[in-house]
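Residue strings, one per chain:
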Amino acid sequence: MTERGSPLTTLFRRYHRWVPVVALLLAGLSVLIGQYGHRQVTSEPEHPISFVVEDGLPYGITQESVEAAAQGRALSREPFTMMVVERELEWDEYQNGQLPDGVDVMLSVGHDPQDEDIVLPDARRVSVAHLAQLDDWMPHHQAASTIREVFINNRTMGHGPSAVVGAGQTAAMVAFDGSGIRSPVFWGAMAAIPLLTAVLLTLLWIAGLAAERRRRRRFARARLQLARTVLELDTLEVEFLIAESQLQAAPSDRGAEAGRASSRLKQQWEAVRAESLSLARQEQVLHRELIDPDAPVRTPRDGTLEPVGLERFEERVEALRRRADALMHAASVQVGFADSGTVLGQLALPLVQAVEEILRHRELLDEQACDRLEGQRTRLLALVQEGVEGLGAEPGPERVAAQADLLRRWRAAEKRIGGTLRRLGDSLQRRIDNTDQLHQAVEQRMRTRLRAVTAGASDTQAELRASLGLGRPGDRSAEYCAERMLELLQRAAAQQTTDEDPSNRRSLSKVWNRWFTLRHAGAVGAGIILLPILVGLIAGWAASAQGQHTTVFGRTLTGDQPLAELRVFGDPGQIPDYAFPPTLEDHPSNQETVTLDYVRERMERAAERDDVALLPDRLELTVVLLPIEDYIDYRQDLERENGIMIDYWDLLDAYQQIRQEVAAEYPEVINSVTGEIQLGQAILPVWLLDDGGYAVGLPLTGEISAGLDSRLGEYYFLATEPVVRNVDDESPSIPLGSLLAYDLTELGRTMEYNHQEAAAVSPEALFWAVAVAGWTGSQTVLLVLVAAVQAIGQWTGARSARRQLAAVRDRLNGLAMGLDLSRIDMVAVLGGERGSLGDAAEADQRLYEAALVTAWREAQLLESLPRRQQRGPEWAARVAHVDRLVQTLSEREADVAQRALELVRS
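Keep in mind it's a predicted model, so treat the numbers as computed, not measured. (Residues numbered from 1 in each chain as written. Predicted model: local features only at pLDDT ≥ 70, side-chain atom pairs only at ≥ 80, totals over all residues. Heavy atoms only, no water.)

How should the overall build of the protein be read in this particular structure?
Each helix and strand counted, the protein has 26 helices and 13 strands in total. Buried positions account for 46% of the 906 residues belonging to the protein. For the protein, contacts bridging at least 24 residues in sequence account for 79% of all contacts bridging at least 6. Counting only carbon and sulfur atoms, one obtains 54% of the accessible surface of the protein, whose full area is about 46,000 Å². (Helix = DSSP H or I, 4+ residues; strand = E, 2+ residues; numbered from the N terminus. Buried < 20%, exposed > 50% of the residue type's maximum accessible area, 1.4 Å probe, protein only. Contact = heavy atoms within 4.5 Å. Areas by Shrake-Rupley, 256 points an atom, 1.4 Å probe, with all protein chains shown as cover.)

Sorry, what's going on with the confidence of the model for the protein here?
Segments scoring low in pLDDT should not have their predicted coordinates read at a detailed level. For the protein, the mean per-residue pLDDT works out to 80, and 81% of the residues sit at or above 70. The low-confidence segment residues 502-513 (pLDDT under 50) makes three contacts with residues lying over four places distant or belonging to another chain. (pLDDT = per-residue confidence, 0-100.)

Would you mind showing me how to read the packing of aromatic side chains here?
Where two aromatic rings form a pair, the distance of their centres and the angle of their planes describe that pair. If you walk through the whole model with that rule in mind, you get six aromatic pairs. Centroid distance F186 to W187: 5.3 Å. Interplanar angle 80 degrees. Geometry classified as edge-to-face. In this structure, F186 and W187 share a single accessibility class: buried. Feature note: the residues Y36, F186 and W187 constitute an aromatic cluster, connected by ring pairs. Above the ring of Y666, the side-chain terminus of R567 is found at 5.4 Å from the ring centroid. (Phe/Tyr/Trp six-rings, centres within 6.5 Å; stacked < 30°, edge-to-face > 60°. Lys NZ or Arg CZ within 6 Å of the ring centre and 35° of its normal.)

For this particular structure, what's the right way to read the sheet that holds strand β6 (residues 126-128)?
Working definition: the strands of a sheet are paired by backbone hydrogen bonds and lie parallel or antiparallel to each other. Read from one edge to the other, the open sheet built from four strands follows the order β2-β4-β5-β6, with strand pairing classed as mixed. Either end of the sheet is taken by a strand with one partner, and the two such strands are β2 (50-53) and β6. For this sheet the average axis-to-axis angle between neighbouring strands, irrespective of direction, equals 15 degrees. Pairing geometry for strand β4 (residues 81-85) and strand β5 (residues 105-108), over four bridges, is parallel. Opposite V85, over in β5, you have S108 as the bridge partner. (Pairing = 2+ DSSP bridges. Axes fitted to C-alpha atoms, helices over the stretch in contact; angles between N-to-C directions.)

I keep staring at the side chain of R148 and nothing clicks. Help me out?
Within the fold, R148 resides in helix α6 (residues 138-156). Not counting the four nearest positions on each side in its chain, R148 is found in contact with S108, V109, G110, H111, P121, D122, R125 and V126.

Would you mind going over the environment of H140 with me for this structure?
Within the element layout of this structure, H140 appears in helix α6. Judged by its relative accessible area of 4%, H140 falls in the buried class. Separated by 11 residues in the primary sequence, H140 and A129 have C-alpha atoms spaced 8.8 Å apart.

Where do I start with the packing of helix α8 (residues 184-231) against helix α23 (residues 763-817) in this structure?
Any two packed helices are characterised by how steeply their axes cross, that is the angle between the axes, and by the distance between the axes. At their nearest, the axes of α8 and α23 sit 8 Å apart, and the two run at 30 degrees to each other. Taken together, α8 and α23 sit at an angle that is classed as roughly parallel. In this structure, α8 meets α23 at a crossing whose hand is left-handed. Across from V185, F186, A189, M190, A192, I193, L196, T197, V199, L200, L203 and L204 in α8, the residues of α23 making contact are A765, L766, A769, V770, V772, A773, T776, G777, Q779, T780, L783 and V784. Per-class residue counts for the contact of α8 with α23 are 19 nonpolar, five polar and no charged. (Parallel < 35°, antiparallel > 145°, perpendicular 65-115°, else oblique. Left-handed = near helix turned anticlockwise from the far one by under 90°. Nonpolar A, V, L, I, M, F, W, Y, C, P; charged D, E, K, R; others polar.)

I would appreciate a short explanation of the nonpolar core in the present structure.
Residues F51, M82, F151, V164, I658, I683 and W687 are the most contacted members of the largest nonpolar core, which totals 97 residues. Looking at this core element by element, the count peaks at eight residues for helix α20 (residues 648-665). Other than its neighbours up to four places away in sequence, I683 contacts T622, V624, I658, V662, V669, I670, I677, L698, P699 and L700. Grouped together as the second largest cluster of nonpolar side chains are 84 residues, F219, I358, L365 and L438 included. (Core = buried A, V, L, I, M, F, W, Y, C linked by side-chain atoms within 4.5 Å.)

Any chance you could explain the pattern of salt bridges here in plain terms?
Side chains carrying opposite charge are able to pair once their charged atoms draw close together. Taken as a whole and assessed by the stated rule, the structure comprises 29 salt bridges. Of the charged contacts in the structure, one is a salt bridge between E357 and R449, with a shortest N-O distance of 3.1 Å. With a gap of 92 residues between them, E357 in helix α12 (residues 340-358) and R449 in helix α15 (residues 438-453) connect regions that are remote in the sequence. Assigned by exposure class, E357 and R449 land together as buried. Through salt bridges with shared partners, a single network forms among E357, R445, R449, E483, E487 and R491. (Salt bridge = Lys/Arg side-chain N within 4 Å of Asp/Glu carboxyl O.)

Explain unusual backbone geometry here, please?
The general pattern is negative phi for most residues beyond glycine and trans for most peptide bonds. Not every positive phi belongs to a glycine, and N642 is a case in point at roughly 60 degrees. Along the polypeptide, N642 turns up in the loop between β9 (634-636) and β10 (644-646). Judged by relative accessible area, N642 falls into the partly exposed class, the value being 26%. Positive phi, close to 65 degrees, is recorded for N726, a residue that is not glycine. Along the polypeptide, N726 turns up in the loop between α21 (717-720) and α22 (736-752).

How should I be thinking about helix α7 (residues 161-175) in this particular structure?
One turn of the α-helix equals 3.6 residues, which is why residues spaced by three or four share an orientation. Taking 1.5 Å per residue as the helical rise, α7 with its 15 residues ought to reach 21 Å, and the 21 Å between its terminal C-alpha atoms agrees with that figure. Among the 15 residues that make up α7, 14 are buried, leaving the element largely enclosed by the rest of the structure. (Expected span 1.5 Å × (residues − 1).)

Explanation requested: the packing of α8 against helix α11 (residues 310-335) in the structure shown.
It is at 10 Å that the axes of α8 and α11 come closest, and there the two elements cross at 25 degrees. In this view, α8 runs roughly parallel relative to α11, as classed from their interaxial angle. For the pair α8 and α11, the crossing hand works out as left-handed. Where α8 approaches α11, its residues R215, R218, F219, A222, Q225, L226 and T229 are matched on the opposing element by L310, E311, F313, E314, V317, E318, L320, R321 and A324. Considering only residue class, the contact of α8 with α11 consists of eight nonpolar, two polar and six charged.

What am I meant to see in the side chain of E275 here?
Residue placement: E275 occurs in helix α10 (residues 255-290). For E275, a relative accessible area of 17% puts it in the buried group. Among the polar contacts made by the side chain of E275, one reaches the side chain of R316 at a distance of 2.7 Å. (Polar contact = N/O pair within 3.5 Å; in protein donor to acceptor, adjacent residues only side chain to side chain.)

I would appreciate a short explanation of the pairing of strand β11 (residues 681-688) in the present structure.
Along any regular strand, the residues point their side chains to alternate faces of the sheet. Buried residues dominate β11, accounting for eight of its eight residues. Of the two faces of β11, the one holding Q681, I683, P685 and W687 and the one holding A682, L684, V686 and L688 are both buried throughout. One ladder, built from eight bridges, connects strand β8 (residues 620-627) with β11; its direction is parallel. Within the sheet, the bridge partner assigned to V623 lies in β11 and is L684. Strand direction decides the pairing type here: β11 and strand β13 (residues 700-701), joined by two bridges, are antiparallel. Bridging from a neighbouring strand, I683 pairs with L700 of β13. Sheet analysis places β11 next to strand β12 (residues 694-696), joined by three bridges and oriented antiparallel. Bridge pairing in β12 links W687 to A695.

What follows is the structure, given as structure tokens:
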């Protein structure tokens, strides 16, 4: 598809001015989404939860105590009312959500006397009205189980009214969380999508602007070339008319040939004139498309215009220039104008260079064939010199006849050279195993040589040969046979190297690299397109795999608060000494470890060494020393060594007694209204046994367990199944202070995981948000990487090309300084005698100097370009062409110098 037909190019040209505006709007939209998402994520509940509490409930649960515990803490994003009862809920209440008027949630704080198992929460003792009325029973069961479980966890920590408040807070999170989405992943992805799209559009816009500037520069160069060609048409027409009149006045014995030449020139002139008019109209169309949309366009009489693209326009302009140059050069040669010798040199230079390179491999070829080829090359060069020496003759019929005879002999000379090279090539090809893609390689060598001898400019060889009746350079031409011979010589040398060294795998490596490049180019392109899509899908799947919850376990703990205070309730003298002393040399007594400094130091040591942290909030600890016989009955655990078992319900009664006793001595620890532990306070019971052992119970805090998957107070067996320490079993005893420090670090962990909320977002919405964000992000990163790689590649390529150009300049300086010696070697020594050998030597030297001047001017032009233009593949290719030409000239000069030296020595 041409550039004109590309819908993306057309769209960019029409709306490219709006791309920055759209990008800014998208960036602003990203900011707005980010601000809104931040408010959603950081929003706090603001509606107080209403509680209706029946009379006569256990655990100190009354209307007044619950309201006091809920003050400032029981908040929800949606207002609702929770009714608290002790009885078991009826079928319609639990199953169908038929609750009393004004009640949204009903919680039973009682338990089934026939089912003492509290491991699994009894979901039938909770009813959430609007969830129970759904067709799907699963959401209601999950919410009821979570609410009941949180109540049991708080009850296990000794809470009564606060256990109801914790259940209400959890109900607010799982059932009355509002319609807003508070997932930071979701809002981060939603904010990233327009921002990344804006960045992607900006990058594409910059790339589009660069491409548009390149198109305009290409169009400007093509227009300039077309303008120069059109301006030269008048001069070209004069030369054509003179050549036509001279050809028509040719002698009678040359009339037929001159007529054919005149006909060819006339056809070419008419084609050049018609093409110039057509390109002028197409130039107007492209000017309107690329530069000025309002520019007028002159249409032909039939009112139609051929669709045009920039690439096709450039090709046609270049073809027109070649036709015009070929017409001018053909007229000069056929009539004998002053520059006909230069044109003949241009025709002969590629073939002469190729034959010269072939003759450097005499050891691989037949000696007689090489002598014959060298003589044929000499005769061709003599014809070039003959054309140069005839410049003094007056133009006229005799001159036309002489030029026609010269062209006839030229064709014969090329034919003889081609025949010799074809026979040499056929004999050499039979000795080479691999001749795959030989034709393509030969044609590429022909194009490369023509670009080199013209220093990168497009040649007019094909058109010029056709105008002179020499035939285009096909697979039977002398140029093709010469390049085929060089290609076969190169392959023969590579095959010989491989045969001599079986371990040499260069050819295999080249074949592999070529196969890999061709075979997998499409796969690489598909990967560039599919990779961002794959990244987006994986990111979306990973995000949606988390489900609707933001609860995360295994995260890094951040608590940094040391224990604020430690007080002891009870007689510290009751703390038994070690049954078996610890391994530490200077260990304090067991009683001395129950101090604030000792516990702090052990907690800090654990935080430095293990994956734990200090406390997340300020906490004051009251260590309660409790002779176990005075509070509860217990029994030995037959399945665990040194384990005891406490009845759960007896433990709850003991907690109430403990709070009352602590309140009498430390009133600041207990809330006088609710009868529970104040926030920021903690009670840690230590059960003292008669045999000197002790067991640390579950910490009781003013913190309320609430939220999804809360671990605070969850493991009830830590309270009912403690492990007795300091038993005389000949193992070192653990200091009581170390046990307290360990329990406090675990308390800090569970406090950090408390109050985790649900993210009210469906997995599908989260998947697509993250997937699209991942796709746009990876596509942007990939585009930036590609641009960076291209920039680095251009920078390194430009540096390499500049170094190459500097080396070319040095070699040119050397060749220019040795030009006088080159003339002596080539003409005075090798061409010292007259005749064809001397003429060939003079022509060869003339071609060498002309090519040297061409290379010098091209190198000077490349060095004079601004630095911003000294990059890109086009500039590097021009440097490579000059380098190849100079290398060929250097090899020719070294060969001539060696032959001259050998002749002088002989």
